[in-house]
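# Structural overview
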Amino acid sequence: MSSTEPLLPHVLVLFGATGDLAGRKLFPGLYGLAAAGRLPEDYVVIGSGRHSPGDDEEFRRQVREGLEGTVGDLDDKVADAFLGRLSFRTSDADDGSALAEKVRAAEEQLGDDVRRLVYLSVPPTAMQPMVGMLSREGLTERARLVVEKPFGTDLESSRELDRALKQVVEEDQVFRIDHFLGKESAQNILALRFANGLFEPAWDSTHLESVQIDVPEELTVEGRGSFYEGTGCFRDMISTHLCQILGLVALEDPGAFEAGPVRDAEAAVFDSLRPLDPTASSSASTRGTATRTASRPTRRSRRSSRWRPGSTTSAGKASPSTCAPGRPWRPPAAASPCGSGPRRPSCSRTSSASPTSWSSS
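The paragraphs below set out a description of the structure included in this document.

The rules behind these values
- Residues numbered from 1 in each chain as written.
- Predicted model: local features only at pLDDT ≥ 70, side-chain atom pairs only at ≥ 80, totals over all residues.
- Heavy atoms only, no water.
- Helix = DSSP H or I, 4+ residues; strand = E, 2+ residues; numbered from the N terminus.
- Buried < 20%, exposed > 50% of the residue type's maximum accessible area, 1.4 Å probe, protein only.
- Contact = heavy atoms within 4.5 Å.
- Areas by Shrake-Rupley, 256 points an atom, 1.4 Å probe, with all protein chains shown as cover.
- Core = buried A, V, L, I, M, F, W, Y, C linked by side-chain atoms within 4.5 Å.
- Pairing = 2+ DSSP bridges.
- Right-handed = clockwise from strand over helix to strand, strands pointing away.

## Regarding the overall build of the protein chain
Secondary structure summary: the protein chain contains 9 helices and 13 strands in total. Per-residue burial over the protein chain gives 42% buried out of 361 residues. Here the analysis covers contacts within the protein chain between residues at least 6 apart in sequence; of these, 72% occur between residues at least 24 apart. For the protein chain, the exposed area adds up to about 19,500 Å²; of that, 49% sits on carbon and sulfur atoms.

## Side note on unusual backbone geometry
In this model, Asp113 sits at a positive phi of 60°, which is unusual for a non-glycine residue. Inspection of the secondary structure puts Asp113 in the loop between α4 (97–110) and β4 (115–120). At Arg142, a residue that is not glycine, the phi angle is positive and equals roughly 60°. With respect to the secondary-structure elements, Arg142 resides in the loop between α5 (124–136) and β5 (143–148).

## Considerations on the nonpolar core
Among the nonpolar cores identified, the biggest contains 27 residues, and Val11, Phe15, Val118, Leu120, Leu134 and Leu145 are the most heavily contacted of them. Contacts of Leu120, omitting those with residues within four sequence positions, involve Phe15, Met127, Met130, Val131, Leu134, Leu145, Val146, Val147 and Glu148. Phe27, Tyr31, Tyr43 and Ala79 belong to the second largest nonpolar core, which has 24 residues in total.

## Observations regarding the pairing of strand β6 (residues 174–177)
As judged from the 4 bridges shared by β5 and β6, these two strands associate in the parallel manner. Bridge assignment links Glu148 to a residue of β6, and that residue is Ile177. The parallel pair β5 and β6 is bridged by helix α6 (residues 155–168), and the resulting crossover is right-handed.

Note that all results are geometric; they support no functional claim without further evidence.
Below, the structure is given as structure tokens:
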């Protein structure tokens with residue numbers, strides 16, 4: 001479809017609609033598309049979750065409050081039109097009948113050729129039961145499924161989830177995504193590397209002494225304690241967000257900037273990494289504790305980890321890296337912080353919210 005052709009009507013079903021990711025990323029992103037005129041002329045957004053925020057008006061009020069806190073200059077006209085398309089229906093892995101009824105009513109209202117998009121922003125342990133519910137309610141028919149990271153909790157659970165998905169939908173109906181790659185700075189990495197005549201010839205271990213991947217932010221655990229208790233910082237950041245960035249930084253020229261070639265080039269990077277040694281994790285991790293600032297109590301319950309993957313690709317050869325969420329980076333002294341030899345790059349998630357910010361020591 002060309003950019004000048006109108007988009008077909010859509011029903012977007014958003015699971016986890018009252019969660020942190022939806023409030024900070026998904027609804028602001030949808031609002032941005034609406035403001036840019038990049039949503040279909042006819043669409044509805046149906047939020048869903050186990051707990052109801054109230055009636056539809058209360059749900060819209062909560063979404064609006066989230067937009068006001070994340071969007072710099074909120075256009076009331078665009079926001080009102082966007083919020084008018086929103087509604088909410090409760091559902092869980094055992095019962096999705098009310099949601100299915102709402103989806104079908106919305107599709108009848110939008111007419112023929114309506115598309116169905118299901119966005120699963122739920123914890124990894126809930127993903128497979130939710131897929132089963134969608135199948136039982138007939139909501140996988142003609143649908144595209146967006147599956148958020150983490151994809152399972154380990155190798156075996158990820159394979160089980162993959163099998164469960166393929167039992168109810170075709171492979172081309174599934175989009176496994178990491179929302180971190182939607183960041184403009186992440187998308188610019190490939191352009192910086194391969195479309196820049198200054199950097200492209202020099203982006204290899206012969207010319208680069210080190211590469212540091214750093215994720216500074218002010219966001220704390222806040223209302224995500226239960227998510228971190230079940231998922232943890234390592235799965236939330238290192239094996240997903242930071243590994244994706246590592247793949248973009250270290251991959252060879254994919255030949256074509258399309259999904260398949262880029263994926264294969266990233267996979268080659270991951271194949272070349274040294275395996276993680278679980279026995280070394282305890283010596284490079286620390287658990288945060290509850291602390292208090294001058295104004296209010298602040299909880300820190302993330303678990304910080306460190307990982308030195310290393311790579312044998314020509315782009316990353318002889319350039320071992322360290323991924324350490326929660327470890328603030330400080331400029332190295334003249335000597336290497338790891339002993340003799342060149343400085344080692346690091347990937348870290350840091351917080352500069354206050355002097356009591358969580359960190360590894």
